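As a plain string of letters, each chain reads:
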Amino acid sequence: HCAVGPKGSGKSFWAKKWAKTSRRRLLLFDATGEYSSKGKEGIPGLVKFDGLRSYFEHIKGGGKAQKCAIQASWRTFDAFCRFAFNIGNCDVIIEEVSTYASEAGKSRAFRDLCDRSRHQNVRTLCIVSRPAFLPSFFRSQVDQWIIFKTQEPTDIDFWRKRAGNDAVSKITKLKKYEHLNLS
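Here the structure is a predicted model, which is why all the values come from computation and not from measurement.

Rules behind the numbers
Residues numbered from 1 in each chain as written. Predicted model: local features only at pLDDT ≥ 70, side-chain atom pairs only at ≥ 80, totals over all residues. Heavy atoms only, no water. Helix = DSSP H or I, 4+ residues; strand = E, 2+ residues; numbered from the N terminus. Rg over C-alpha atoms; globule rule 2.2 N^0.38 Å. Buried < 20%, exposed > 50% of the residue type's maximum accessible area, 1.4 Å probe, protein only. Contact = heavy atoms within 4.5 Å. Areas by Shrake-Rupley, 256 points an atom, 1.4 Å probe, with all protein chains shown as cover. Lys, Arg positive; Asp, Glu negative; His and termini not counted. Charge placed at Lys NZ, Arg CZ, Asp CG, Glu CD. Phe/Tyr/Trp six-rings, centres within 6.5 Å; stacked < 30°, edge-to-face > 60°. Pairing = 2+ DSSP bridges. Axes fitted to C-alpha atoms, helices over the stretch in contact; angles between N-to-C directions.

**Student:** Got a sec to walk through the overall build of the protein? Specific residues and values, please.
**Tutor:** What the protein contains, in helices and strands, is eight helices and eight strands. By the compact-globule yardstick of 16 Å for 183 residues, the protein fits well, its C-alpha radius of gyration being 16 Å. Taken along the three principal axes of its C-alpha coordinates, the protein extends 55 × 35 × 25 Å. Residues classed as buried in the protein amount to 50% of the 183 residues present. Sequence-distant contacts in the protein: of pairs separated by 6 or more residues, those separated by 24 or more amount to 69%. When the accessible surface of the protein is totalled, it reaches about 9,300 Å², and 49% of it is carbon and sulfur. Taking the average location of the 33 positive side-chain charges in the protein and that of its 18 negative ones, the two points are 4 Å from each other.

**Student:** Outline the packing of aromatic side chains, listing residues and values.
**Tutor:** One pass over the full model with this rule turns up 12 aromatic pairs. Judged by centre distance (5.5 Å) and plane angle (70°), the ring pair of Phe-29 and Phe-77 falls under edge-to-face. On the criterion of sequence distance, the pair formed by Phe-29 in strand β2 (residues 25-29) and Phe-77 in helix α3 (residues 77-87) is long-range, its members being 48 residues apart. For the pair Phe-29 and Phe-77, one class covers both residues: buried. Between Phe-49 and Tyr-55 the ring centres are 5.2 Å apart and the planes differ by 70°, which places this aromatic pair in the edge-to-face class. Assessed through its relative accessible area of 0%, Tyr-55 is described here as buried. The rings of Phe-29, Phe-77, Phe-80, Phe-110 and Phe-138 are connected pair by pair, giving a single aromatic cluster.

**Student:** Provide a residue-level description of the sheet that holds strand β5 (residues 90-94), including the pertinent values.
**Tutor:** Taken in spatial order, the eight strands line up as β3-β4-β2-β5-β6-β1-β7-β8 in an open sheet, and their pairing is mixed. Two strands close off the open sheet at either side, each with one partner strand: β3 (46-49) and β8 (179-182). Averaged over neighbouring strand pairs, the angle between their axes works out to 15° when direction is ignored. Pairing of β5 with strand β6 (residues 122-128), which is carried by five bridges, proceeds in the parallel orientation. Note on β6: the bridge partner recorded for Ile-93 is Leu-125. Across the face of the sheet, helix α1 (residues 11-20) comes into contact with β1 (2-4), β2, β4 (67-70), β5, β6, β7 (145-148) and β8 while running at roughly 165° to β6.

This is the structure we're talking about:
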């Protein structure tokens, strides 16, 4: 899955709703701190960790947090992807994956997470502002696009080539928090 749209269009709000429905372990790579909110927009039971090391220490200490937001830098992105893939049977959200796009394109662990996650029973949701920022191998693996309103000409061309003029007409008329699903 991939949620796509400009800042403030509703991607993270939608991702939080998706996360709330998860009945499995949830791992969030949240370098932006987007998931720090409590209250009605927050994810019930979400435990925040300052990096992978603190999450691993939690597990070693007998912790059983099922919904985890790991706030870390791109330097730990590869390790996060490898961990999520190896642990299996979980849901993974990677916020603003375009922040790591150049590294993600080089990351074998991210490729494995994208290419082979179904064998590990891992569902992945990547969030990005622009589809063109994603590595091509990733775009080819997306089974569902959750598209929010955009007016960016490059993005319009991307969606026109992928989904046609009817979809583009709908995408450009969406309101905040509205989205179009493309499978």
